[in-house]
Amino acid sequence: MFLRAAIVLFCAGFAFFLALFLMRRMRKRIADESEIPDGTALSLETLPLHLYNTVIQQLKQQKHELLVQSQAEQQRARTSENFSHAVLANLSCGVLVFGANGLVKTANPAAKAILGFASTTGMSAQDIFRGAEVYGAKSVAGILPDETGEQAIGIAAEIHTVLREGFKRRQVEADYKTPAGEKRYLSMTISQVPAADGNLLGVTCLINDLTELANIRRQQELQGEISAEMALQLRTSLTTISGYAQQLANNRDPEMAKDIATDIAHEAAQLDRTIGGFLTTKPVASASFAGSK
């Protein structure tokens, strides 16, 4: 009986210590699991779905930012284009832009009005200027080695020189006739349009209509010639009157004196008509010059 009691006590003690060992081990495992971060506590099934949602949210945010940035860039581009169009439309000088192929890409209203075309898009320099020659420019051309001659340079040739031969800028003046037959005197600045990489995008032509100034210049030259001729006539008339006066002073014959006095009166009347006509035409020219200004 004592042996049985000892065996029962031993089994009970073993069971108690085994249960205590298992409880301590379970408690330690629970404590270790409680120290794992929340991100790592996700199961293998929920972890890919969480990462997928996070990536989707980031992509949506980046798409929204790119969309906002693209809209801002488009708005800036539209604003810059509208500003450029407004500037070109309100310029008093003509702006004509040729592409690299030698055809007109754009022209402002002033250029169309000066050149006399309703539309110039797609036209070449030869079609627009039609042999208009540069004022005062000549080139030497010889068909044979011993044969030389001067040949007029056209506006189209100047544009071709800047576009094809590498000249950065040319300033020319030329006589031009519109398709309607109106004669005009033009001043042009022909410049290259380079790209950011150095390639040539085309050529731009700034055109000013100097017809009124040319007319005023011709009127001034004409007035100068008239003034010189008038001064010569005035000097001749004064010399004639002075000669008649000396003859009248030295002559005692009443008949001769009467004739000399008549000649003096006739010369004075003619001088008065000449000077009066000059004084009445000169203010008109001055008024037209002031009006052109």
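Residues numbered from 1 in each chain as written. Predicted model: local features only at pLDDT ≥ 70, side-chain atom pairs only at ≥ 80, totals over all residues. Heavy atoms only, no water.

## Observations concerning the overall build of the chain
The criterion, for reference: Runs of H or I in DSSP of at least four residues are treated as helices and runs of E of at least two as strands, each being numbered from the N terminus. Relative accessibility decides the category of a residue: with a 1.4 Å probe and only protein chains considered, values under 20% of the type maximum give buried, values over 50% give exposed, and everything between is partly exposed. Any two residues whose heavy atoms approach within 4.5 Å are treated as being in contact. Accessible surface is estimated by sampling points in the Shrake-Rupley manner with a 1.4 Å probe; for residues, cover comes only from the protein chains shown.
A count of helical and extended segments in the chain gives seven helices and seven strands. If you list the helices and strands of the chain from N to C, you get α-α-β-β-α-α-β-β-α-β-β-β-α-α. Residues classed as buried in the chain amount to 22% of the 293 residues present. By sequence separation, contacts in the chain at least 24 residues apart represent 46% of the contacts at least 6 residues apart. Of the accessible surface of the chain, which amounts to about 21600 Å², a share of 59% is contributed by carbon and sulfur atoms.

## Digging into the pattern of salt bridges
Using the following cut-off: Salt bridge criterion: a side-chain nitrogen from Lys or Arg within 4 Å of a carboxyl oxygen from Asp or Glu.
Overall, the coordinates contain three salt bridges when judged by the stated rule. With its nearest N and O atoms 2.8 Å apart, the salt bridge here joins Arg170 to Glu158. Taken together, the positions of Arg170 in strand 5 (residues 169-177) and Glu158 in helix 5 (residues 155-164) put the pair twelve residues apart, joining distant regions of the chain. According to the relative accessible area criterion, Arg170 is partly exposed, its value standing at 28%. You can call Glu158 buried: its relative accessible area is 4%. Arg184 is paired through a salt bridge with Glu182; the nearest N and O atoms lie 2.7 Å apart.

## A closer look at a nonpolar patch on the surface
Counted only if it meets this: Patch construction takes residues with relative accessible area above 30% that form no salt bridge. Like charges are linked within 9 Å, and nonpolar side chains (Val, Leu, Ile, Met, Phe, Trp, Tyr) are linked within 5 Å.
Residues Phe10, Phe14, Leu18, Phe21 and Leu22 make up a contiguous nonpolar surface patch of roughly 560 Å² in combined accessible area. For Phe10, the location among the structural elements is in helix 1 (residues 2-34). Classification of Phe10 as exposed rests on a relative accessible area of 59%.

## Focus on the nonpolar core
Just so we agree on the cut-off: Throughout this description, the term nonpolar core refers to a set of buried Ala, Val, Leu, Ile, Met, Phe, Trp, Tyr and Cys residues connected via side-chain atoms within 4.5 Å.
If you look at the biggest cluster of nonpolar residues, it comprises 29 residues, and the most contacted ones within it are Leu96, Phe98 and Phe129. Counting only elements with at least two residues in this core, the list comes to strand 1 (94-99), strand 2 (104-107), helix 3 (109-115), helix 4 (125-129), helix 5, strand 5, strand 6 (183-194) and strand 7 (200-209).

## Considerations on the confidence of the model for the chain
Inclusion rule: Scored from 0 to 100, pLDDT records how confident the predictor is in each individual residue.
On average, the chain scores 76 in pLDDT, and the residues at 70 or more come to 82%. Mean pLDDT across the elements of the chain bottoms out in strand 3 (residues 133-141) (58) and peaks in strand 1 (91). For the stretch residues 138-150, pLDDT sits under 50, and the model shows 16 contacts to residues farther than four places along the chain or on other chains. Predicted confidence is poor over residues 283-293, with pLDDT under 50, and the contacts of this stretch with residues over four places away or in other chains come to five contacts.

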